[in-house]
Structures are given as structure tokens and as C-alpha cells.
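Residues per chain are reported as follows:
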Amino acid sequence: MPKQGQMEILGLAVIVVLILMGVLFAIQFVLKAPAAQIEQQYKESQLAAGLLTTMLGTTSDCRGASVTELLQDCAVFKSLECPHDDSCGEAGYAINTMLSGTLQQWRRAYRFRIKGAYNAEQIAASWGDCSGEIESNTNPVPTTVGTLQVTLDLCR
Amino acid sequence: MADRRVAQLEVQFNWVFILIAGAVIIAFFFSVVQKQRSISDQRLAFSILNEMDAITTGAAISKGTAQRLDLPRQGLDIACTDACTCSISVGAFTRDAGDKLIFAPSRLEGEDVVLWSIDWRMPFRAANFLYATNERAKYFFVYDEDNAGSQQLRRLFEDRLPPLVGAEFVTPDDVDCADNPDCVQNENYASVKFIFLDIPPDFGNLQLHESFQETDVSALHVSQGVLTFYERSSRRSTSFTPYRSYAAGDATLFGAVFAADPTMYECNARKASQRLAYVSHVIEQRGEDLGADVALVERGCVYATGPLIGPLWTLATEQSKTITESFQQLPTIADQLAANNEQLIRQSCPTWY
Amino acid sequence: MRRAQIKMFETLAVLVVFFFFLIFGASFYFRLQESSLEREFDRNTQLRAVQIAQKSITMPELECSFAGVQRENCMDVLKVQAFAELLATEEAFIDYFPVFQYSTLTVRQVYPSQLEWVVYNRPRGEQSTLLQIPVLIYDPNTNRHQFGYLEVRVYA
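Residues numbered from 1 in each chain as written. Chains lettered and ligands numbered in written order. Predicted model: local features only at pLDDT ≥ 70, side-chain atom pairs only at ≥ 80, totals over all residues.

### Topic: the interface of chain C and chain A
Residue-level contacts link 24 residues of chain C with 23 residues of chain A. Those elements that provide at least two residues to the side of chain C that touches chain A are α1 (2–57), β3 (103–111), β5 (128–139) and β6 (144–155) of chain C. In terms of residues, the side of chain C that touches chain A owes the most to one element, α1 of chain C, which gives eight residues. (Contact = placed C-beta atoms within 7 Å. Helix = DSSP H or I, 4+ residues; strand = E, 2+ residues; numbered from the N terminus.)

### Description of the sheet that holds strand β2 (residues 69–76) of chain C
All names here are of chain C. Read across the sheet, six strands follow the order β1-β2-β5-β6-β3-β4 without closing on themselves; strand pairing throughout is mixed. Looking at which strands have only one partner, the edges of the open sheet turn out to be β1 (63–66) and β4 (115–121). Strand-to-strand, the axes of this sheet are offset by a mean angle of 35 degrees, without reference to chain direction. Bridge count for β2 against β5 is three bridges, and the pairing is parallel. Paired with D76 across the bridge in β5 is Y138. The strands touched by helix α2 (residues 77–87) are β2, β3, β4 and β5; relative to β4, the strand with the most contacts, the crossing angle is about 40 degrees. (Pairing = 2+ DSSP bridges. Axes fitted to C-alpha atoms, helices over the stretch in contact; angles between N-to-C directions.)

### So, the nonpolar core
Core analysis: the largest hydrophobic core is formed by 150 residues, its most contacted members being F129, I195 and L220 of chain B. If we skip the residues at most four places from it in the chain, I195 of chain B touches Y139, F140, F141, V142, L220, V222 and V257 of chain B. (Core = buried A, V, L, I, M, F, W, Y, C linked by C-beta atoms within 7 Å. Buried ≥ 20, exposed ≤ 12 C-beta atoms within 10 Å, placed from the backbone.)

### Observations concerning the interface of chain B and chain C
Between chain B and chain C, the contact holds 26 residues from the first and 26 residues from the second. At the level of elements, α1 (2–61), β8 (125–133) and α5 (262–291) of chain B are the ones that each hand at least two residues to the side of chain B that touches chain C. Residue contributions to the side of chain B that touches chain C peak at nine residues, all from α5 of chain B. Per-class residue counts for the side of chain B that touches chain C are twelve nonpolar, eight polar and six charged. (Nonpolar A, V, L, I, M, F, W, Y, C, P; charged D, E, K, R; others polar.)

### As for the confidence of the model for chain C
Looking at chain C as a whole, its pLDDT mean stands at 91, while 99% of the residues score no less than 70. Of the two predicted TM-score estimates for the complex, the pTM is 0.86 and the ipTM is 0.86. (pLDDT = per-residue confidence, 0-100.)

### Focus: helix α4 (residues 87–104) of chain A
Think of an α-helix as 3.6 residues a turn; residues three or four steps apart then line up on the same face. Along its 18 residues, α4 of chain A runs 24 Å from first to last C-alpha, staying within 8% of the 26 Å computed at 1.5 Å per residue. Among the residues making up α4 of chain A, those that are buried are S87, C88, E90, A91, G92, Y93, A94, I95, M98, L99, T102 and L103 of chain A. (Expected span 1.5 Å × (residues − 1).)

### Focus: the sheet that holds strand β13 (residues 226–232) of chain B
Picture the strands of a sheet paired through backbone hydrogen bonds; they go either parallel or antiparallel. All names here are of chain B. The strand order across the open sheet built from six strands is β10-β9-β11-β12-β13-β14, with neighbouring strands paired in mixed fashion. The outermost strands of the open sheet, each flanked by one partner alone, are β10 (167–170) and β14 (240–246). When strand polarity is set aside, the average angle formed by the axes of neighbouring strands in this sheet is 20 degrees.

Here it is in C-alpha cells:
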């Protein structure tokens, strides 16, 4: 009789162990973080870089100058006479229009800033909450007074 | 006595009951495992096909580069039917090649695959050709030192083929084992192709090494834009059946080298011609829009779409249905457009392409 | 006899509990499989979206080029218009299905003015994945690069 009792307790113990293993297995699936989405990875890695490069290559309304050329003039000479404003104002307007027509429309928080020359540093743009993770990309723009660092932060 | 019998019977019935219940449970689990294994295999093959699809799309876009990638354990089968349905298979699962123009041996097996892509320009980029091979596919380029055409072709292949491709340049004496005991041999290659550069192969008198008997061996003769594919009816056969086709540009020459058979070559050449027809239509339309611009006309920028793009579109459309001898004329027509394009550059006019 | 009957019921009860756990475990496992398959299906749709986007921005039918050299992330507006017209024909629409499959391709200009061209449209169902890629839109008539993006909507 005692042996039979021991066997039955052993059987119960085996069942408990199996149930525990099953529960651990289930917890592993529940707690595992979802794999990063391909689309998200592609967006994050390409979007900031692509946007910045494309914006800088865009032809502005100011005498056919590109945004890069406007920034270069803004940083150094401010001699370009644009229809409505100077080169800094025209560059700021173009950048704001482009960012609001894309990232803002897509409900993506962002921060745009320039470092390297006082005039150019006044050109900035932002939208949404940037307190979380940031995907950042910087393009250098050479000028005679040094290299401007043009940065676009995409915020999650 | 009766009680003892009942007890014995009860024990036996108990065991029978246990056996039946146990068998049912084991059978149940066994069937679940088998089913899951089959599903798992299917998912793996499907996943591999998806990955290969994405990889080949990326490779086709990365023109000019040759890259080595892992091959699935099950190998890759690439084939085109007579109706020009080209497909890529992993195990029992097949996916249509879609818009990809892939030239490859019919079966790729081993550890990795080499993917190489180049543009087909006529004279603007019309399509990307993707070539696939690996270390188990060997290409013997047979050239004649005294033949200028042969030397020219040899230089083309030597200069352009990536080092990752298993190419070897040999003379006819190196291939013929009749008088040369040191002739080329099969070194565990899954497929071998002999490419005769402007030298007509004489299979009647040519004696290949016996190690090639059990290998997938084919041949190609290239001579001034005319391609002759040679296929064996069976592995042990010594006779080769010729099939004539044509090339238009270097990219198609490489395609003929890498293609498993003339069907694959012509199907891809036809698809490429169809793309060329569409791209030339777009460029023609663009040329007409530019030609209608007053400012450009005043600057002397002329876009003669009729004589320049028209013949290209017509020939490309024709070749998209079937590859004929006229396919060789595409580069000539393309050169005329290229010359006009250079003229436009000199005039600082917007170019055709 | 009673003891035997109790034993039999005990065995049956064990079997019932065992099968209960088995069915519970199996249903949990199959639900996991189902969600895993759904995630894989989503992943495949995203992969297709990325492939179609990659192909679109490098197509000779749309790309900008000068003297045969392609400019990256740039589309020629005259080609966009001509290609859209071409794809409106039945033959081309069918021939380009292997390239674009079930998707909608739209080129949207954001700066200096807002314009849009629907290049290809073949929708299917409600579920879709959306990708936006910034591009320069080159006008050879004016020699200007405008700013915009290519919108690729791929249907599941």
C-alpha cells in the first residue's frame, strides 16, 4: 500500500512538472517581443536619409538654386536675391513646406536642425513629440566657412 | 475458483484496455507529429522561395555587382517552358520568375550561389539581366590564338566575367582527348558548358574525356552575333543537337553562356525585347513632349522620334514575339540613337536618356 | 467488484483529465500557429511592398538619367506621364502585372506646387501596406528638380 501511494504521488508530481513546462512555454511566447517589421526597418533606415538627400537636391524658386546652394549662400554671403525673401528665408520656407507635406502628413514626429553657421542655424523645423526613440541622419554641406551639419531626426 | 477466474479475466481485460488506449494515444501523437513535420517543411520551402525572390530582386537592381549567397539545402531549380513560363523551384515548391530575367543552369546545388547582374542597354537601359551560377558549374571557353574574332571574344569574357564565375580559357587541343592525355576533365562539376569562341565545334571528331559522360554537358558556339546551342539527348550520348539563335549586345552573349538551354535564353531575350519596346515607347513620348517645347526648339534642340525611336520600337516589338536574325540589328539602330544623344549633349539640350 | 469498478472509473477519470489537458494544449498551440502564420503573411506583404518600391525607383521607364547615367531617387516627370498613359492600355497593364502585382503607384509632388500622377492602379480587397519614398521629380523642360514622393500601396 505505501508503495502504491508513493507511485501515485510520483504520478502527480510528473503531471505538475508537465503543466509547469507547458506554462513556461506559453509565457515565453506571450512575453517575446514581436520581431521588427521589415517595412518599419526599411522606413527607418531609408526615410531619414532619403528625405534629407532629396530635400537638399530640390530646386528652389530662387533663381533656380538648389536648397543646398541656398544654405551655402545663407551661411556665408546672404547675397542671393530671391523673389520673396533672402536665401535663408527661402531655404527655411522650402524645407518647412517639404517636411509638412511629407512627415507631418504621415503623422511622423520630426526635428530638423542645422549646425555650423549662425545664419543657417536659425533654420529649424519640428513637429510632434520627440522624447522617445530617434532615427537620425546628418548630411554635410560644405561652405567656405566650414561644413554645415544638416540633421533630420525621425522620432518614434 | 470462480472468483479467481473473474479476477484473472479482469486483469487481462485491464491490460487489453491499457494497450488499446495506449495505441490510440501513440497513433494520435504520431499523426500530429507527421502533419506538423509536413507543414513545417512546406513553410520552410515557402519561406526560402520568398527569400530567394527578394534576394534575386535586389540582385537584379544592384547592377554590375557579383555576390555570393547561401543556397538552400534543397537546391534551386530554374526552368523555362516552351510557352515561356519561367519558374524558380525549391524542393516541391515553385514560384514564377515574374519580371526577372534569370539565366542559370537548370539545377543549382551546393553551398552557395553566385548572382551577377548587368544592364542591357539599347542604347538606354532597358532591362537588368541576372546570371546565376556556382562552383559546381564550369564554363570552358575554347578560343583560337590565330583567330582575331576568337581573341576579341576571349578578351570580352576575360575582362567582364567576375572572378567568382567558374570560367576557364582553353584551346581546342586542351579539350580534345584524342591526342592529348592531359585534356580537361570533369572535377566533380554538376554542369559543364563548352563555349566555342568563333571556332565551329566538330563534335564528330571531338573526343571529350570520359569523366564527362555522366555529367550534364552542353555547348555553345558564338560567332558575330550568331549563337548555336548544342545539347545532348542523353548523358552518355556523344552527339549534340544544334539550335540556332541570335545575340544583341554583350549582355545577351553572357545570357547565352549562363542559360541552361536555348529555351531559357530565347524566353528571356523575348521578355527583354518587350521591355525595350515599352521603354522606347516612353522615351519616344518624352521626346515628342520635348520637341513640342518652344524654348527648346528655339535653342535648336531637335527630337526626331520617327527615324530614331520608331525602328527601335518596331524591331523590339517584333523580337518580343520570336527571336529572329534581325535581333542582331538592334545594336546598330541603338548606336544611331546614341550618336544623336551625344549631339544633344554637345548642344546642351535635354538628352533622350 | 465494487473495487474493480472504482478502479475502472479512476482510470477513466485519469484519461478524461489527460485528454482535457491535451485538447487545451493543442488548441493553445494551434492558436499560436495561427497568429504566427498571420504575422508571416503580413511580413510577406511588407516584403512585396519593399520589392515593388525598389523596382519602381530604379525602373528605366521612370528614372532620371543624363548621358546614360542614372540619378538615384529621381523620376523624370515626362516619363511618369508617358508611362502612366502607357499603363492605361490593356496590353501594357497586363504585361506589367508581374512587376507591380496588386498595388497602386502614385507620384506626388509636394514642392514647389502640389501635383499627383497615378501611374498604376490595381487594387484588391481592403488590407494594404503603404510605403512612401522621397524622390526628386525632374522636369527636363525647365531643368528643375521638384520635391515629392513615390507612394506604393501594396494589397494583401
